[in-house]
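Chain by chain, the residues:
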Amino acid sequence: MRIRRLSYHERMRNRQTILALALLLIGINACAPGPSKRQLELVWPLPPDQPKIKFVDIIRTNLDLEKKGGLAEAIFGEERAEGFQKPYGVAVDKDGKIYVTDINRVFVLDLKKKDYDFIGNEPGVGQLRNAIGIAIASDGRVFVTDVSAARLYVYRNGKYAEAIGEKGEFASPSGVALDEKNGLIYVTDTRYHTVKIFSLLDYKHIRDIGKNGSGIGEFNFPTNIAVDAEGKFYVVDTGNFRVQIFGKDGQFIRAIGVPGDMPGSFARPKGIAIDSEEHIYVVDTAFQNFQIFDQTGKILLAVGSGGTDPGQFLLPAGMTIDDQDKIYVVNQIPGTVQIFQYLGEKWKEKMEQTGEAADKK
């Protein structure tokens, strides 16, 4: 029997058919229910020591919210992945929604509804260019610093409401924090080497703290800032490799950290947050981790290492801690938000209540 040799065009059509079938099978497998995802058990410190911090989750794109589409979306790409470009700051509102500053926008991630939205991405007044710091008031107002626009923007219900700061008042606004008890807004200005204080009620400028230098109450490129429940504020004095702590009256209390490469020292400190027990958390971009201190400046624990796996960082930046002591850390490269849990008194109480509720069923 004579076998006819296929022409070049016939061979190419066959290859395209095989490729299309392969893609179809990949799409079907992607949509088919796979084995249950094993929950990573990452804790710090390692056993046999009592764990203090636990890894919870990592968010890379909107698809990590698990609002999945069907077969058509998997094959034809109708559900587009929206990822971070170069995220920096993070905040959490009273409903648990996560806000992440990024280039030209703020991501709003709703883990409960498994949905997402944006703030500041629409053309016109209030459009963001390079969003850095973010803070959220209990009434829903969202405050975002834009280092390129040299402004502090205010948004209500996802829409631009107002800009804080006269022309030339900011050079490079970065961190922002709110003291709602005392009605104050704190903004670090990296290039002016100051902390600017505004009224949370009418947005009027009240005063500045600090100047360029290395002495007490002086700053060298301050970046981020946090406020605790008592009204003390904590300034990441990045260029001086330390964190300075001030009382609500602006009086210097103490500085923690020294330059170096040992635990408790800093190389490039960035994000900062305070938990419900007044532990101080500081991200260090160079160390690729975050360190935890007590109020005296004693190092308690370091969390993370260099890498791309959960619990690892390449370029960590901003951080925040919510009212349940969940810790959120932004990793600028490859563009993720990692979530951890402080296993403190609040967490223990919640676990006890959950256990009691389960026993009653």
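This one's a predicted model, so the numbers in the text were calculated from it and none came from an experiment.

## Details of the layout of surface pockets
What the second largest pocket holds in volume is close to 570 Å³. Every residue lining the second largest pocket is counted, 32 residues in all, and those nearest its centre are Tyr-99, Ile-119, Asn-157, Gly-158 and Lys-159. When residues of the lining of the second largest pocket are traced back to their parent elements, those giving at least two are β5 (105-110), β6 (115-119), β9 (151-156) and β10 (159-164). The greatest single-element share of the lining of the second largest pocket, amounting to five residues, is contributed by β6. Per-class residue counts for the lining of the second largest pocket are 11 nonpolar, eight polar and 13 charged.

## Brief notes about the nonpolar core
In terms of nonpolar packing, the biggest core is built from 18 residues, with Ile-53, Tyr-281, Phe-290, Ile-327 and Phe-340 touching the most fellow members. Secondary-structure elements contributing two or more residues to this core are β2 (53-59), β20 (280-284), β21 (289-293), β22 (299-303), β25 (316-321), β26 (326-331) and β27 (336-342). With sequence-adjacent residues up to four places away left out, Ile-327 is seen in contact with Ile-53, Tyr-281, Phe-290, Met-319, Thr-320, Ile-321, Gln-338, Ile-339, Phe-340, Gln-341 and Tyr-342. Listed in part, the 15 residues of the second largest apolar core include Ala-150, Ile-164, Val-187 and Tyr-203.

## As for the side chain of Asn-240
In this fold, Asn-240 is placed in the loop between β16 (233-237) and β17 (242-246). Judged by its relative accessible area of 15%, Asn-240 falls in the buried class. Polar contacts involving the side chain of Asn-240 include one to the side chain of Asp-237, which spans 2.8 Å. Once residues lying within four places of it in the same chain are set aside, the contact partners of Asn-240 are Gly-213, Ser-214, Glu-218, Phe-219 and Asn-220.

Calculation criteria
- Residues numbered from 1 in each chain as written.
- Predicted model: local features only at pLDDT ≥ 70, side-chain atom pairs only at ≥ 80, totals over all residues.
- Heavy atoms only, no water.
- 1 Å grid on protein atoms, 1.4 Å probe; cavity = no way out; pocket = protein on both sides within 12 Å on 5 of 7 lines; lining within 4 Å.
- Points joined across faces, edges and corners; volume = space filled by probe spheres on them.
- Helix = DSSP H or I, 4+ residues; strand = E, 2+ residues; numbered from the N terminus.
- Nonpolar A, V, L, I, M, F, W, Y, C, P; charged D, E, K, R; others polar.
- Core = buried A, V, L, I, M, F, W, Y, C linked by side-chain atoms within 4.5 Å.
- Buried < 20%, exposed > 50% of the residue type's maximum accessible area, 1.4 Å probe, protein only.
- Contact = heavy atoms within 4.5 Å.
- Polar contact = N/O pair within 3.5 Å; in protein donor to acceptor, adjacent residues only side chain to side chain.

These figures capture arrangement, not role.
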